[in-house]
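# Overview (structure and organization)
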Amino acid sequence: MTSSVQYKKVPKSMDGVPSGGTSGGTNGSPNGNGPSGNGSSNGSPGVAWANPSEADAAGHIIDTRPQYIKTIQNSIRILKKYARFVGPGLMVSVSYMDPGNFSTAVAAGSAHRYKLLFSVLVTNILAAFWQCLCAKLGAVTGLDLAQNCRKHLPPNLNLLLYILAEVAIIATDLAEVVGTAISLNILFKVPLPLGVILTVIDVLVVLIAYRPNGSLKLVRWFEAFVSLLVFATVVCFAIELFSVHIESVGDVFKGFLPSKAVFEGDGLYLSLAILGATVMPHSLYLGSGVVQPRLRDYDIKEGNYHPSQNDEDNNHDNYKPSIDAIHDTLNYTVAELLVSLFTVALFVNCSILIVSGATLYGVTSNNAQEADLFTIYNLLSDTLSKTAGTIFVLALLFSGQSAGIVCTLSGQMVSEGFLNWTVAPALRRALTRVVAITPCLILVLVAGRNGLSGALNASQVVLSLLLPFVSAPLIYFTSNKHIMKVPLTIDCSQDSSNSFTLQDLSLNNVDSSSPAPTDSTLLPQETGDDEVDTNSRNNEVPLTNNNNEPIQYKDFSNSIPTTIIAVAVWLFISGLNFYLLISFSSGQDVHL
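This section reports on the structure supplied with the text.

### Points about the overall build of the protein chain
When its secondary structure is counted, the protein chain shows 19 helices and five strands. Partitioning the intrachain contacts of the protein chain with sequence separation of at least 6 by distance along the chain shows that 80% fall at a separation of at least 24. As displayed, the protein chain offers around 25000 Å² of accessible surface, 62% of which is attributable to carbon and sulfur atoms.

This is how it looks when you write it as structure tokens:
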């Protein structure tokens, strides 16, 4: 065991010699400056600052750096490590600012000005909570949500969830592709069907070149490309914010507080629409799947995992991150995710609503009814300038393109995770893209420009209906102690002992009449730790394997409060979504 180095200040006597030490460079200082040092050279009475390489009479290394120097250096070290994790959170944030969010936020701003900023903020908080669970699931199990479904759920249920997830991908693709096609039509007069085809080809080429199972360097380049599109979207809306005239900045900040407008009239419908357009099913698969490359990279560098070509071809299904890899990456992964969601995604969604509220509120005769993606360009061009309208459409183009890439990547994770594909990866991704994009192309050819708004509404209805079914397994997996256990030994192989078996989620589910399991057991009841505080979770108990040797596991499952919150959020989102669907089916004017 490596002994930890201890640093301490050495008190000195009035003559400048540290108490308990000797003068004249004793105690082994090679340069002759022993613990007796230079007296009070730092000007601090009663403390001698020694060279960091020195040792006191007890042999302890003495840290002589002032506290502010240590704080600065430690902060630089943390930021450097954080920089290595930048990327996955930005990719996930794309899911929360796609063209579907554009039309919803524009409708909310034109109808209620800034009052529904509260709805945007609450939705972002709920989305961040879901994504934290996704990141933890992916980091602890080494599998994304789709792979966990295939591993731990019965085949028939797994197939049903795959069909629902594929429908969600198609519905999501509709908004992304149509949004990009609209922007190409406005900017370059490209016909809508051709715009759809160009978007498909562009995204497909990028994703065929993407190698999530290859080296981390290639993954970082892909993340950098998506981040560039995200940055371009942010710049466009920053310019828009400086271009519009906001009469009262105070009214904008008041919009982040709850008001009657959120719960009355069409404000409630628009708030639900913001929720439905933001918390999207495909983002859950994406958030649980983009965290693995850094975990594998850590284990490979540390010699814990040696992937074969078969492992790469099968998405590393047999890989399970080591306890050291989880401790090294999970907190930084969650931190980068939260920073991205509460800066980039929140900024873009708020900017759309603020710009539309400042320019369209009280201008359109029917408010939200007129504010679709086509008319917003004309309204901005007329009320502000041609440049303002063009910048808005450019933001729509960048957002649609990045969202299309991310959505296709999610579709790839869904098809490869739920099903055990045996075809080549390039062909597999091409088939996935064709399945998802064909309905979009048919719709554009049949409906044309006038039918696109209704098609976008229909896609959001489908996503609202599917979200509860897709998100339920996430809560189950992250609350299950068998699935979320990690051996303290360095073992990067998956345990298949509980495949295709549903576990009881109750915290006291040990049946004394049943024989004890040979390779795993439930860990003790938790004490309410936060789900992302991995370093403080020490619920470790000795277990036995088939050789009757003691094994210890660490439990990363949700604490009791986290499980309660997760179920409450699930019920809240599901209830609101179904309420929205009932209102929509009853003929009420719901802007999705």
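Structure's up, so let's keep going.
### Section: the pattern of salt bridges
On inspection of all chains with the given rule, the structure shows six salt bridges. Here E223 ties to R294 by a salt bridge, and the two come within 2.8 Å at their closest N and O atoms. Here R294 lies in helix α12 (residues 292-301) and E223 lies in helix α8 (residues 216-243), a separation of 71 residues in the sequence. R294 gets classed as buried once you look at its relative accessible area, which sits at 7%. Residues participating in the shared-partner salt-bridge network are R220, E223 and R294.

### Remarks on helix α14 (residues 323-360)
With 38 residues, α14 should reach 56 Å at 1.5 Å per residue; the first-to-last C-alpha distance of 53 Å fits that figure. In the structure, α14 departs most strongly from a straight axis at T329, where the bend amounts to approximately 35°. When you tally the buried positions in α14, you get 29 out of 38 residues, the bulk of the element. A positive backbone phi angle near 80° is found at G362, which sits one or two residues after α14.

### Looking at the nonpolar core
Of all hydrophobic cores here, the largest spans 125 residues; its most connected members are W130 and F418. In terms of residue count, α14 provides more of this core than any other element does, 18 residues in total. Beyond its immediate stretch of four places on either side in the chain, W130 contacts V279, L284, S471, L474, I475, A566, V569, W570 and I573. Of all hydrophobic cores here, the second largest spans five residues; its members include A168, A171, M280 and L463.

### Some details on the packing of aromatic side chains
One pass over the full model with this rule turns up nine aromatic pairs. Relative to W130, the ring of F129 has its centre 6.4 Å away and its plane inclined at 65°; by these criteria the two rings are edge-to-face. Their ring planes at 55° and their centres at 5.9 Å tell us that Y162 and F418 sit as a pair that is tilted. On the criterion of sequence distance, the pair formed by Y162 in helix α6 (residues 155-188) and F418 in helix α16 (residues 386-418) is long-range, its members being 256 residues apart. Each member of the pair Y162 and F418 is classed as buried. Pairwise contacts between aromatic rings join F102, F237 and F392 into one cluster. The ring of Y553 has K485 lying over it, and the distance from NZ or CZ to the ring centre is 4.5 Å.

### Details of unusual backbone geometry
A positive phi is found at R113, a non-glycine position, where the angle reads about 60°. Mapped onto the elements, R113 comes out in the loop between α3 (99-112) and α4 (117-141). Exposure remark for R113: the relative accessible area of 23% places this residue in the partly exposed category. Positive phi values are uncommon outside glycine, yet K189 reaches one of about 60°. Inspection of the secondary structure assignment puts K189 in the loop between α6 and α7 (192-209). Taking relative accessible area as the criterion, K189 reaches 67% and is therefore assigned exposed.

### Points about the environment of S119
Of note, S119 is situated in helix α4. Distance in space between the C-alpha atoms of S119 and L257 is 9.1 Å, their sequence separation being 138 residues. Apart from residues no more than four positions distant in its own chain, S119 is found in contact with V262, S271 and I274.

### Things to note about the packing of helix α1 (residues 67-83) against α14
Packing of α1 against α14 leaves a shortest axis separation of 10 Å and a crossing angle of 80°. Considering the angle they form, α1 stands roughly perpendicular to α14. Touching I78, K81 and Y82 of α1 are D328, Y332, A335, E336 and V339, all from α14. Its residues assigned to classes, the contact of α1 with α14 comprises five nonpolar, no polar and three charged.

### Here's the deal with the packing of α6 against helix α15 (residues 373-383)
Axis separation between α6 and α15 bottoms out at 10 Å; the angle between their running directions is 35°. You can see that α6 and α15 cross each other, and the crossing is right-handed. Together, I182, N185 and I186 of α6 and L373, F374 and Y377 of α15 make up the contact between the two elements. Residues that form the contact of α6 with α15 fall into these classes: five nonpolar, one polar and no charged.

### Regarding helix α10 (residues 266-278)
Counted at 1.5 Å a residue, the expected span for α10 with its 13 residues is 18 Å, and the 18 Å between its end C-alpha atoms agrees. Burial runs high along α10: eleven of the 13 residues are buried. The complete set of buried residues in α10 reads G267, Y269, L270, S271, L272, A273, I274, L275, G276, A277 and T278.

### A closer look at a nonpolar patch on the surface
On the surface, L159, I163, V167 and V462 cluster together into a nonpolar patch covering about 290 Å² of accessible area. It is α6 that contributes the most residues to the nonpolar patch, three residues altogether. Accessibility expressed as a relative area gives 35% for V167, which makes it partly exposed.

### Some words on the environment of I163
When you line up the elements, I163 lands in helix α6. Judged by its relative accessible area of 46%, I163 falls in the partly exposed class. Along the backbone, I163 and V414 are 251 residues apart, and their C-alpha atoms lie at a distance of 9.7 Å.

Rules behind the numbers
- Residues numbered from 1 in each chain as written.
- Predicted model: local features only at pLDDT ≥ 70, side-chain atom pairs only at ≥ 80, totals over all residues.
- Heavy atoms only, no water.
- Helix = DSSP H or I, 4+ residues; strand = E, 2+ residues; numbered from the N terminus.
- Contact = heavy atoms within 4.5 Å.
- Areas by Shrake-Rupley, 256 points an atom, 1.4 Å probe, with all protein chains shown as cover.
- Salt bridge = Lys/Arg side-chain N within 4 Å of Asp/Glu carboxyl O.
- Buried < 20%, exposed > 50% of the residue type's maximum accessible area, 1.4 Å probe, protein only.
- Expected span 1.5 Å × (residues − 1).
- Bend = angle between axes of the 7 residues up to and from the residue.
- Core = buried A, V, L, I, M, F, W, Y, C linked by side-chain atoms within 4.5 Å.
- Phe/Tyr/Trp six-rings, centres within 6.5 Å; stacked < 30°, edge-to-face > 60°.
- Lys NZ or Arg CZ within 6 Å of the ring centre and 35° of its normal.
- Axes fitted to C-alpha atoms, helices over the stretch in contact; angles between N-to-C directions.
- Parallel < 35°, antiparallel > 145°, perpendicular 65-115°, else oblique.
- Nonpolar A, V, L, I, M, F, W, Y, C, P; charged D, E, K, R; others polar.
- Left-handed = near helix turned anticlockwise from the far one by under 90°.
- Patch = residues over 30% accessible without salt bridge, like charges linked within 9 Å, V, L, I, M, F, W, Y side chains within 5 Å.

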